[in-house]
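# Architecture and fold: a report
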Amino acid sequence: MLISNRYGLCFKDSSRYLRINMIMMRPSRLILPAIAIGSAACGGNEIKAPKPNVLLIVADDLGLGDVSCYGSETINTPNIDALAKDGLLMRNAYATSATSTPSRFGLFTGMYPWRNPDAQILPGDAPLLVDPQAPTLPKMMQGLGYATAAVGKWHLGMGYGETDWNKEITPSGNTLGFDYTNLIPATVDRVPTVYVENGLVQGLDPEDPILVSYKENFPGEPTAITNPEMMTMKWDHGHQGTIVNGIPRIGFMKGGHKARWKDDTMADYFLSKVKSFIVNHKDEPFFLYYGLHQPHVPRVPNGRFVGESGLGPRGDAVIEADWCVGQAIACLDSLGILENTIVIFTSDNGAVLQDGYQDLGKELAEEKGHDPDNGLRGGKYSLFDGGTHIPFLVYWKGHVKPAKSDAYFCQVDLFATLGRYLGGEVPEGLDSEPYPDVLLGKELKGGREVQVLEAQKRLALRRGDYVYIPAYKGAKHNQTGIELGNNDTETLWNLAEDPAQREDISGKMPELLSSMRSQFERLTK
């Protein structure tokens, strides 16, 4: 049965897909080299040839305070900082959601994830979340003649459910507009712990088939509960399942031993795929999504980064991610295509210090005075600003001038913004809005006026500098210790005057409260 609403969306009960109503559619560590700045790229008009490459780098659970260009004095990220120094640093950029799956859903579809009831943190064996027929950002780029690829963190599901990991998996990321994919199915802490390249598990031995379950363990398979002596990393909550490389995961897995990844070589593995794609497509326009797995748990950086941050495994994982960014930029530069590549660096949601493992992330951060959310309240999972307020940098050598922007931009707007700038087909009915002048630094104020924020299906409204959060019953904190934004009564916050959200001003501004409540109810019907 299809249930439509006033936004032209249809939810198909028998699947987990969100469909746009077709009636509404229209046809070694390296620091970035010094940059010679030219004139700013024009925005608002279709770009003329040659079309620039687009490298979209999305970190996992990286907060504003985890990169030194946003003011952190406890961690050093020189390669990311170089993008900011010679490009655009956005101080007012947002993800659509405070968690991974819905955030990526919004990024690729141009739709608020809360419109799809299944857009929430997915298990590792979940079916593909996005309808294969739906318009997506990579499909639009394909339509413009771009070669497209997705490498790294995925977490949008694969197949139709009850996936057979021993055969070609379809639909997959390739179905959504990527010519090439090399992905982890979900997160680093969930089974199956394998790489999936173009729908096929890599390194699989047919004599050792993979079985995966999120309901019960397979007889005789060791878990954190039955065989704690096998663990090299202790779990804190929710990670008591199958042990892989000494690390207990979420879910249960049997077989596929030769195909299982090595956690400490994952960064090098994905970086090699990124470089190969760039080299193979250096003579044509390409769109490359590079999903970093750092600093998501479990944090197991390569040995050459261990101890580098002084903040334990989490800090070392951030240092490793920074190195990956530098290596990708160096590859572009060595091929002479850096000047023709728009590089966007961001994160999927806010930070979390201890999220399922005892890795001293929280203790060392407190000891060293490291604040991954840069003074914001909340973090990953939260409706407070720390949940969705994320780092966002735009670097385009010789085209984007060095600047700091206060313009309001949301990741959901990348679809319409790149479409407007590059001349791509963007269907009507999306939540994505076009702001090419904001993205390329021609406008440093303005941008998006209103956004519906989301955190685990709880919604809030941001309008200008103000945030309205409805009343939500439930725990004030989750297992990570992060404030969720739940309150028995509705609240109102002024982020311009109170970025840490310490004073609820709902009692002082009843007319604004009423106005935002009404607008919230209209937008979320």
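Above this note sits the structure.
Right, let's walk through the structure included here.

## Re the sheet that holds strand S16 (residues 341–347)
- A sheet is described by the order of its strands in space; here ten strands give the open sequence S10-S9-S8-S7-S15-S4-S16-S17-S5-S18, paired in mixed fashion. Whereas interior strands pair on both sides, the edge strands pair on one side only; in this sheet they are strand S10 (200–201) and strand S18 (403–405).
- Pairing of strand S4 (residues 53–59) with strand S15 (residues 286–291) involves five bridges; the strand directions are parallel. In the sheet register, Ile57 faces S15, and the bridge partner there is Tyr290.
- Strand contacts of helix H2 (residues 100–109): S4, strand S7 (147–153) and S15, with the helix running at about 165 degrees to S4, the strand carrying the most contacts.

## Quick word on the environment of Gln411
- With respect to the helices and strands, the residue Gln411 is situated in the loop between strand S19 (409–410) and helix H7 (414–422).
- Along the chain, Gln411 and Ser432 lie 21 residues apart, while their C-alpha atoms are 8.5 Å from each other.

## Structural notes on the nonpolar core
- Ranked by internal contacts, the top residues of the largest apolar core, which has 62 residues, are Met90, Met141, Trp154, Phe392 and Leu439.
- Looking at this core element by element, the count peaks at five residues for H7.
- In terms of nonpolar packing, the next biggest core, distinct from the first, is built from 52 residues, Ala147, Tyr180, Met266 and Leu292 among them.

## Regarding the pairing of strand S8 (residues 180–184)
- For S8, the tally of buried residues reaches five of five residues, placing the bulk of the element in the interior.
- Burial along S8 is two-sided: Tyr180, Asn182 and Ile184 facing one way and Thr181 and Leu183 facing the other are all buried.
- Looking at chain direction, S7 and S8 are connected through five bridges and run parallel. Paired with Ala150 across the bridge in S8 is Thr181.
- Pairing between S8 and strand S9 (residues 196–197): two bridges, direction antiparallel. The partner of Asn182 across the bridge, within S9, is Glu197.

## Some points on the sheet that holds strand S23 (residues 491–494)
- Judged by pairing direction, the sheet is antiparallel, and its four strands sit side by side in the order S20-S21-S22-S23 without closing on themselves. The open sheet has two free edges, formed respectively by strand S20 (450–455) and S23, since each of these has just one partner strand. Each strand of the sheet is rotated relative to its neighbour by a mean of 20 degrees, with strand direction disregarded.
- Against the sheet, helix H9 (residues 510–523) contacts S20, strand S21 (458–463), strand S22 (466–469) and S23, and its axis sits at roughly 125 degrees relative to S21.

## Digging into helix H5 (residues 312–334)
- Taking 1.5 Å of rise per residue, 23 residues should cover 33 Å, and H5 covers 33 Å from first to last C-alpha, within 8% of that figure.
- Counting buried residues along H5, 20 of its 23 residues qualify, which places the element largely inside the surrounding structure.
- Where H5 ends, the next residue or the one after it, Gly336, has phi of about 75 degrees, a positive value.

## A short note on the packing of helix H4 (residues 266–280) against H5
- Across the interface, H4 lies against H5 with an axial gap of 10 Å and an inter-helix angle of 15 degrees. The orientation of H4 with respect to H5, classified from their angle, is roughly parallel. You can see that H4 and H5 cross each other, and the crossing is right-handed. Together, Ala267, Asp268, Leu271, Val274, Lys275, Ile278 and Val279 of H4 and Glu320, Trp323, Cys324, Gln327, Ala328, Cys331 and Leu332 of H5 make up the contact between the two elements.
- Counted by class, the contact of H4 with H5 contains ten nonpolar, one polar and three charged residues.

## Some words on the packing of aromatic side chains
- This structure, assessed with the given rule, holds 17 aromatic pairs.
- Both rings, one in Tyr195 and one in Trp261, keep their centres 5.9 Å apart while their planes meet at 40 degrees; by these two values the pair is tilted. Here Trp261 lies in the loop between strand S14 (252–254) and H4 and Tyr195 lies in the loop between S8 and S9, a separation of 66 residues in the sequence. Side by side, Tyr195 and Trp261 carry an identical accessibility label, which is buried.
- Note on Trp396 and Tyr421: the rings are 6.4 Å apart at their centroids and 85 degrees apart in plane angle, and the pair reads as edge-to-face. Taken together, the residues Trp396 in the loop between strand S17 (392–395) and S18 and Tyr421 in helix H7 connect sequence positions 25 residues apart.
- Since its relative accessible area comes to 4%, Tyr421 is described here as buried.
- The side chain of Arg304 reaches across the aromatic face of Trp323, ending 4.5 Å from its centre.

## Things to note about the side chain of Asp66
- Secondary-structure assignment places Asp66 in the loop between S4 and helix H1 (78–85).
- Judged by relative accessible area, which is 0%, Asp66 ranks as buried.
- At a separation of 2.7 Å, a polar atom in the side chain of Asp66 contacts the side chain of Arg314.
- Of the polar contacts made by the side chain of Asp66, one reaches the side chain of His370; its length is 2.8 Å.

## Considering the pairing of S15
- With six of its six residues buried, S15 lies for the most part within the structure.
- Side-chain alternation along S15 places Phe286, Leu288 and Tyr290 on one buried face and Phe287, Tyr289 and Gly291 on a second face that is also buried.
- For S7 and S15, the ladder comprises six bridges, and the chain directions are parallel. Opposite Thr148, over in S15, you have Phe287 as the bridge partner.

## A closer look at the environment of Leu513
- Looking at where Leu513 falls in the secondary structure, it is placed in helix H9.
- Given a relative accessible area of 9%, Leu513 falls into the buried group.
- Remark: the alpha-carbon pair of Leu513 and Trp493, spanning 20 residues in sequence, is separated by 9.7 Å.
- Ignoring sequence-local partners within four residues, the contact set of Leu513 consists of Tyr468, Glu490, Leu492 and Ser506.

## Some details on the side chain of His239
- Within the secondary structure, His239 sits in the loop between strand S11 (211–213) and strand S12 (243–244).
- Classification of His239 by relative accessible area gives buried; the value is 4%.
- Looking at His239, its side chain comes within polar contact range of the side chain of Asp189, at 2.7 Å.
- In terms of polar contacts, His239 uses its side chain to reach the backbone carbonyl oxygen of Gly356, at 3.5 Å.

Calculation criteria
Residues numbered from 1 in each chain as written. Predicted model: local features only at pLDDT ≥ 70, side-chain atom pairs only at ≥ 80, totals over all residues. Heavy atoms only, no water. Pairing = 2+ DSSP bridges. Helix = DSSP H or I, 4+ residues; strand = E, 2+ residues; numbered from the N terminus. Contact = heavy atoms within 4.5 Å. Axes fitted to C-alpha atoms, helices over the stretch in contact; angles between N-to-C directions. Core = buried A, V, L, I, M, F, W, Y, C linked by side-chain atoms within 4.5 Å. Buried < 20%, exposed > 50% of the residue type's maximum accessible area, 1.4 Å probe, protein only. Expected span 1.5 Å × (residues − 1). Parallel < 35°, antiparallel > 145°, perpendicular 65-115°, else oblique. Left-handed = near helix turned anticlockwise from the far one by under 90°. Nonpolar A, V, L, I, M, F, W, Y, C, P; charged D, E, K, R; others polar. Phe/Tyr/Trp six-rings, centres within 6.5 Å; stacked < 30°, edge-to-face > 60°. Lys NZ or Arg CZ within 6 Å of the ring centre and 35° of its normal. Polar contact = N/O pair within 3.5 Å; in protein donor to acceptor, adjacent residues only side chain to side chain.

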